[in-house]
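What the coordinates show
As a plain string of letters, each chain reads:
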Amino acid sequence: MPTTAASSTLSVPAADGNRPSTRCRLLDAAESLLLARDIDEVSIRAINAAAGMNPAAVHYHFGSKDALIGALLERRLAPLWHDGLTRLTTRHRAGDTPTVGELVDVVLTPLGELTRTEHGRLQLRLLARVVLARRDVGFTSGWFGLRPWAALLRGAVPGLGGADAEHRLRLAFDLVLHTLSAPGPAEPPTRDDFRSLRAFTVAGLSAPQR
């Protein structure tokens, strides 16, 4: 992902050069509702109404509310990981194994950028609600699964098995998302907060295999 919030870097496709496409209008409407309310409090009917669409629009374009949520998070957040993880994956395939610290930085730095704005923090809370609840929203981007991350972690920690790598990553993502998305003061976490979170995450992922 790039190191800036996707909400400030992504443009919205337009169907005719002026108006957003139907899918984008639905995604924008869903985002406005979901960032202010709990997932289960936002109905398909409310999303269709907010977008000015007929009652079947979400089902027609996405299949379900959960699939729409997955598309929304990927549209806004997948670019945050893309560049850094692509770079690390290319190095790994060339025999230049990234360190655990580099892997953590690729994840933590852009997520930290989201904490700097109110809109970014709301996006982070939405992602945390989905991930921490193990809600299946039909992600299609590979970076939203554990396999590419596990491959990089196993390269950095000799002897680490695939199942253990995924288990460690799941715990690490839970910790990071829980910490950064926790309701609290409007100010973003301090540098000391990030240093502590980074050090703890790196240590947990780097522990020798038993």
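In this report, we go over the structure that sits alongside the text. (Residues numbered from 1 in each chain as written. Predicted model: local features only at pLDDT ≥ 70, side-chain atom pairs only at ≥ 80, totals over all residues. Heavy atoms only, no water.)

With 15 residues, helix H6 (residues 100-114) should reach 21 Å at 1.5 Å per residue; the first-to-last C-alpha distance of 22 Å fits that figure. Those residues of H6 that sit buried are Val-100, Gly-101, Leu-103, Val-104, Val-106, Val-107, Leu-108, Pro-110, Leu-111, Gly-112 and Leu-114. The elements touched by buried residues of H6 are helix H5 (65-93), helix H7 (118-132), helix H8 (147-156), helix H9 (162-181) and helix H10 (191-206). (Helix = DSSP H or I, 4+ residues; strand = E, 2+ residues; numbered from the N terminus. Expected span 1.5 Å × (residues − 1). Buried < 20%, exposed > 50% of the residue type's maximum accessible area, 1.4 Å probe, protein only. Contact = heavy atoms within 4.5 Å.)

Quick look at unusual backbone geometry now. At Arg-134, a position not held by glycine, the phi torsion is positive, near 55°. Inspection of the secondary structure puts Arg-134 in the loop between H7 and H8.

We now examine the nonpolar core. Ranked by internal contacts, the top residues of the largest apolar core, which has 60 residues, are Leu-26, Trp-81, Leu-111 and Leu-153. The element that contributes the greatest number of residues to this core is H5, accounting for 11 residues. Apart from the residues within four sequence positions on either side, Leu-111 is in contact with Trp-81, Leu-124, Val-176, Leu-177 and Leu-180. (Core = buried A, V, L, I, M, F, W, Y, C linked by side-chain atoms within 4.5 Å.)

Moving on, we come to the packing of aromatic side chains. Under the counting rule described, the total for this entry stands at 4 aromatic pairs. An angle of 85° between the planes, with centres 6.0 Å apart, marks the rings of Trp-81 and Trp-149 as edge-to-face. Here Trp-81, found in helix H5, pairs with Trp-149, found in helix H8; they are 68 residues apart in sequence, far enough to count as distant. There is no split in this pair, since Trp-81 and Trp-149 are both buried. With 4.9 Å between their ring centres and 85° between their planes, Trp-149 and Phe-173 make a pair best called edge-to-face. Of this pair, Trp-149 sits in helix H8 while Phe-173 sits in helix H9; the two residues are 24 residues apart in sequence, bridging distant segments of the chain. The exposure class assigned to Trp-149 is buried, which follows from its relative accessible area of 2%. Following the ring pairs from residue to residue traces out a cluster consisting of Trp-81, Phe-139, Phe-144, Trp-149 and Phe-173. (Phe/Tyr/Trp six-rings, centres within 6.5 Å; stacked < 30°, edge-to-face > 60°.)

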